[in-house]
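Structural overview
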Amino acid sequence: MSSTVVCERVRRVADTCSATAPSRPAIAQALDDVARIESWAAARRAALARMLSTKPGSFPEADIADSTGCTLNAAAKETERASTLDRAESFAAALDAGEIRPGHVDAFTRAAKGLDDDQKAELFDQQDELAGVAASSSIRDFEQHVRKKAQALQTEADAEARLERQKKATRSRSWVDQVDGMWNLSGKFDPITGKHLHDAIEAATRSLFAESTPATAPVDRLERQQHLHALALSRLVLDDPSTGSIDRRSRNGAPIAVVDATTAIPTSGASTGPSVDWGLPIEVPTSVLRDVFGATTPDVVIVANGVVLHAPGNLHLGRTTRLANRAQRRALRGLYSTCAVPGCATHYDRCKLHHVIWWRHGGHTDLDNLLPVCQHHHTQIHDHSWDIKLGPNRELTITLPDGTTLRSERPKRSAA
């Protein structure tokens, strides 16, 4: 921004402040002028700070503090900003033009601090794109955006190191409780092993108890689920036929990869494109994904805008069976990570597939008539006559007996 433009903006601000009754647009324009002048001034301060740092024997922070009356901490922030602008010319130009604020530069500086030299170089290589995002975003939104960029650069190295630490920390112990005489088992496992154990126990639970629940099961739904998991675990470990027959195919089935083809438009205006969720609970190194999925071909479920575009297996069983099959469960898992009832955080793996048009009312066991709901809400639907309607993109409307309406938009699944 030239000195002529700066002077014009200063004059406009002064005229607005001295006016008797300036209009709202005039006040808004003056505020914008002030913000741009402040950005231009911050660019000049950074340039002067850089000049100080080149002087032999100079302590630029002290000189800045003495000249401006600020603290040494504030002066150090000035020199950090100057260093960033010296390396990020796109940000320097945008600040000078008044297109971004000093806070945008400071957010970029903070994001770069935790990176090693190679990662920092990669972040600075993206400065043109990031400066454009900053120009169209608030400081807060930009800080979140650039922090995610920095975290993405760290993910692979950090995930490798974290997974190795977790593997070394894997433990299991057992003991007998002296009060109730119960044998106890406790363990913690790295996320990959934990994922396989979790899937095996959930699959065994569904296979063993899909039709009936043992008489030993508690009434409380959470305790009942824990009881069934314990029985399924003992069945898996001991191969004990007294607990029932287990579907080995469910236990050893192919992993699932969910491809979300929904086009997301962030504040920068750039499309993020499709994303893939491998069903793992943490950021996992690419090399580990290759190991996990290399031996078997994953079942690919493609979703977009609340609709399953593709999933393997028969998804339309009609009236041939009341129970949903494995293919339908895996397809809906591509859309839902929790119970479909708004506000319920019960994990999908602990949900039942409910017939929107009830089976006894002639409903079909087809994908577009199935909805994942937890045991609690499944009971509410059947015992308290909740009215459920499912839109073409799985927009959900639930009307309660008292007339209260719960609504949710199409399901949005977080993908890695």
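Some remarks on the sheet that holds strand S11 (residues 405-408)
The strand order across the open sheet built from three strands is S9-S10-S11, with neighbouring strands paired in antiparallel fashion. The open sheet has two edge strands, strand S9 (387-390) and S11, and neither has a second partner. The sheet shows a mean angle of 10 degrees between the axes of neighbouring strands, direction not considered. Pairing geometry for S9 and strand S10 (residues 396-399), over four bridges, is antiparallel. If you follow Asp 387 over to S10, its bridge partner there is Thr 399.

Description of helix H14 (residues 326-333)
In terms of burial, H14 is largely enclosed, as seven of its eight residues are buried. Along H14, the positions that sit buried rather than exposed are Ala 327, Gln 328, Arg 329, Arg 330, Ala 331, Leu 332 and Arg 333. Its side-chain oxygen at 3.2 Å from the backbone nitrogen of Ala 327, Asn 325 defines the N-terminal cap of H14.

Description of the pattern of salt bridges
Oppositely charged side chains may form a pair once their charged atoms are brought near each other. This structure, assessed with the given rule, holds 18 salt bridges. Here Glu 143 makes a salt bridge to Arg 110, at a shortest N to O gap of 2.9 Å. Of the two residues, Glu 143 sits in helix H9 (residues 139-168) while Arg 110 sits in helix H6 (residues 102-113), which places them 33 residues apart along the sequence. We classify Glu 143 as buried; its relative accessible area is 19%. On the basis of relative accessible area, Arg 110 is assigned to the partly exposed category, the value being 40%.

Comments concerning H6
Counted at 1.5 Å a residue, the expected span for H6 with its 12 residues is 16 Å, and the 17 Å between its end C-alpha atoms agrees. Of all 12 residues in H6, 10 are buried, a share of seventy percent or more. Those residues of H6 not exposed but buried are Pro 102, Gly 103, His 104, Val 105, Asp 106, Ala 107, Phe 108, Thr 109, Ala 111 and Ala 112.

Considering unusual backbone geometry
The residue Ser 385 is not glycine, and still its phi comes out positive at about 55 degrees. One can find Ser 385 in the loop between helix H15 (375-383) and S9. Assessed through its relative accessible area of 56%, Ser 385 is described here as exposed. With phi around 60 degrees, Arg 394 is a residue other than glycine that occupies positive phi space.

Overview of the packing of aromatic side chains
If you walk through the whole model with that rule in mind, you get three aromatic pairs. Consider the rings of Phe 108 and Phe 124, whose centres lie 4.9 Å apart with planes at 85 degrees: the pair is edge-to-face. Placement of Phe 108 in helix H6 and of Phe 124 in helix H7 (residues 117-125) is noted, with a sequence separation of 16 residues between them. Take Phe 124: its relative accessible area is 8%, and that puts it in the buried class. Counting every residue linked through ring pairs, the aromatic cluster contains Phe 91, Phe 108, Phe 124 and Phe 142. The cationic tip of Arg 319 hangs over the ring face of Trp 359; the distance from NZ or CZ to the ring centre is 3.8 Å.

A closer look at a nonpolar patch on the surface
A cluster of nonpolar side chains, Val 176, Trp 183, Leu 185, Leu 233, Val 237 and Leu 238, forms an exposed patch at the surface whose accessible area comes to about 620 Å². Those elements that provide at least two residues to the nonpolar patch are strand S2 (183-188) and helix H11 (221-238). Considering each element in turn, the nonpolar patch owes the most residues, three residues, to H11.

Examining the side chain of Glu 202
Within the fold, Glu 202 resides in helix H10 (residues 191-209). Classification of Glu 202 as buried rests on a relative accessible area of 3%. Setting aside its immediate chain neighbours within four residues, Glu 202 contacts Gln 225, His 229, Asp 349 and Arg 350.

What counts, and where the lines are drawn
Residues numbered from 1 in each chain as written. Predicted model: local features only at pLDDT ≥ 70, side-chain atom pairs only at ≥ 80, totals over all residues. Heavy atoms only, no water. Pairing = 2+ DSSP bridges. Helix = DSSP H or I, 4+ residues; strand = E, 2+ residues; numbered from the N terminus. Axes fitted to C-alpha atoms, helices over the stretch in contact; angles between N-to-C directions. Buried < 20%, exposed > 50% of the residue type's maximum accessible area, 1.4 Å probe, protein only. Polar contact = N/O pair within 3.5 Å; in protein donor to acceptor, adjacent residues only side chain to side chain. Salt bridge = Lys/Arg side-chain N within 4 Å of Asp/Glu carboxyl O. Expected span 1.5 Å × (residues − 1). Phe/Tyr/Trp six-rings, centres within 6.5 Å; stacked < 30°, edge-to-face > 60°. Lys NZ or Arg CZ within 6 Å of the ring centre and 35° of its normal. Patch = residues over 30% accessible without salt bridge, like charges linked within 9 Å, V, L, I, M, F, W, Y side chains within 5 Å. Areas by Shrake-Rupley, 256 points an atom, 1.4 Å probe, with all protein chains shown as cover. Contact = heavy atoms within 4.5 Å.

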